[in-house]
Amino acid sequence: MNNQLLTSVSLEPLLLLPVVIASWYGNLFTGLSVSFITALAILVSYDHALLALPATDAVYTALVYLSALSILSILIHNFSEVFKVEEAAAEHDHLTGLLNTRGFTSLLEEEIARTKRYRHPFTIAHIDIDDFKVINDSKGHSAGHAILCKLAKIITTSFRESDYIGRIGGDEFVCLLPETKQPDAKVVFEKLQKNLDIAFCNENMMVTFSIGVVTFESAPPSTQKALALVDKVMYRVKKLNKNDAEYQVYSSTH
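Predicted, not measured: the structure shown is a model, and the values here were computed from it.

Asker: Please clarify how helix α9 (residues 182–200) should be interpreted in this entry.
Answerer: Helical periodicity: at 3.6 residues per turn, an α-helix aligns residues three or four positions apart in one direction. Given a rise of 1.5 Å per residue, 19 residues ought to cover 27 Å, and the 26 Å separating the end C-alpha atoms of α9 matches this to within 8%. Tucked inside the fold, the buried residues of α9 contact β1 (122–129), α8 (141–158), β3 (172–178), β4 (209–216) and β5 (244–250).

Below, the structure written as structure tokens:
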């Protein structure tokens with residue numbers, strides 16, 4: 001009997017693996033369900049030993065295993081939830097909830113890789129609030145924060161679910177529109193400009209926006225090069241007349 005017990009004990013770590021996987025990737029119910037099944041599997045490995053035990057001892061052993069595995073499942077599930085929250089916070093702006101530089105750059109890298117492979121176009125835009133420092137200085141940072149949050153909400157509701165929006169600076173917002181050619185991008189940003197005009201027309205001071213939009217028909221060398229080009233187009237708008245949008249197309253022969 002001792003040899004049988006030693007042989008079965010060596011298998012127990014392998015039986016813990018389904019509990020760990022189910023608790024980490026699934027919900028709490030899934031983890032507890034797998035814990036119950038695993039507890040039964042462990043008991044089956046002791047079937048000969050349990051035949052020699054009173055029924056109460058067998059039930060007690062089963063409850064001990066089930067309790068231990070359930071506690072393990074709950075701990076792993078809770079740790080998984082905390083990890084997901086921390087991971088999301090690391091890639092999102094704390095004020096607006098949009099992607100931050102890290103999160104946006106990661107998605108842009110993936111889009112560039114897809115463009116290199118499938119030759120699908122995509123569009124990036126840089127949106128900047130005109131004279132935002134003046135707004136902060138005259139109205140205070142709380143008013144500035146309110147404008148930033150309002151802008152983030154308007155951009156989000158104006159775009160498609162497949163688009164990505166990030167805040168990469170104080171008043172600097174970027175948008176990534178996968179598989180979007182310039183004519184389609186113009187439709188999106190003309191809609192955005194109208195929505196911004198309507199939303200900010202009742203502010204007690206004028207709030208306008210400079211927008212640079214670049215459609216990449218071929219993949220840029222890097223994310224840094226792509227963002228630098230869009231940034232350059234946006235600053236050209238800001239330097240000339242502000243409160244406007246400029247469009248440009250990038251290709252490998254550009």
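Structure shown, so let's carry the discussion forward.
Asker: I keep staring at the packing of aromatic side chains and nothing clicks. Help me out?
Answerer: The description of two aromatic rings rests on the distance between their centres and on the angle between their planes. Under the defined criterion, the tally for this structure stands at four aromatic pairs. Pairing phenylalanine 216 with tyrosine 250 gives two aromatic rings, centres 5.3 Å apart and planes at 50 degrees, and the pair type is tilted. Here phenylalanine 216, found in strand β4, pairs with tyrosine 250, found in strand β5; they are 34 residues apart in sequence, far enough to count as distant. Neither phenylalanine 216 nor tyrosine 250 differs from the other in exposure class; each is buried. The rings of Phe122, Phe216 and Tyr250 are connected pair by pair, giving a single aromatic cluster. One residue, lysine 150, lies across the ring of phenylalanine 200, its end atom 4.8 Å from the ring centre. Just above the ring of tyrosine 247 sits the side chain of lysine 186; from NZ or CZ to the centre is 5.4 Å.

Asker: Honestly, the sheet that holds β3 in this entry has me stumped. Any pointers?
Answerer: Read across the sheet, five strands follow the order β2-β3-β1-β4-β5 without closing on themselves; strand pairing throughout is mixed. The two strands at the open ends of the sheet, each matched to only one other strand, are β2 (164–167) and β5. Averaged over neighbouring strand pairs, the angle between their axes works out to 15 degrees when direction is ignored. The sheet contact formed by β1 and β4 spans eight bridges and is antiparallel. Residue isoleucine 129 lies in a different strand from β4, and its bridge partner there is phenylalanine 209. Against the sheet, helix α6 (residues 101–118) touches β1, β2 and β3, its axis set at about 30 degrees to β3. Running over the sheet, α8 touches β1, β2, β3 and β4 and is turned about 10 degrees from β3.

Asker: In this structure, what is going on with the environment of glutamine 248? I would like to understand it.
Answerer: Structurally, glutamine 248 can be placed in strand β5. Here glutamine 248 falls in the buried class, since its relative accessible area comes to 15%. Separated by 125 residues in sequence, glutamine 248 and threonine 123 place their C-alpha atoms 9.7 Å apart.

Asker: In this structure, what is going on with the pattern of salt bridges? I would like to understand it.
Answerer: A side chain with one charge can pair with a side chain of the opposite charge if their charged atoms come near. Counting across every chain of the model gives eight salt bridges. With a shortest N-O distance of 2.6 Å, glutamate 111 and arginine 114 are connected by a salt bridge. Of this pair, glutamate 111 and arginine 114 both sit in helix α6, three residues apart, which is roughly one turn of the helix. For arginine 114, a relative accessible area of 37% translates into the label partly exposed. What you see here is one network of salt bridges that share partners, running through Asp128, Asp130 and Lys238.

Definitions and cut-offs
- Residues numbered from 1 in each chain as written.
- Predicted model: local features only at pLDDT ≥ 70, side-chain atom pairs only at ≥ 80, totals over all residues.
- Heavy atoms only, no water.
- Helix = DSSP H or I, 4+ residues; strand = E, 2+ residues; numbered from the N terminus.
- Expected span 1.5 Å × (residues − 1).
- Contact = heavy atoms within 4.5 Å.
- Phe/Tyr/Trp six-rings, centres within 6.5 Å; stacked < 30°, edge-to-face > 60°.
- Buried < 20%, exposed > 50% of the residue type's maximum accessible area, 1.4 Å probe, protein only.
- Lys NZ or Arg CZ within 6 Å of the ring centre and 35° of its normal.
- Pairing = 2+ DSSP bridges.
- Axes fitted to C-alpha atoms, helices over the stretch in contact; angles between N-to-C directions.
- Salt bridge = Lys/Arg side-chain N within 4 Å of Asp/Glu carboxyl O.

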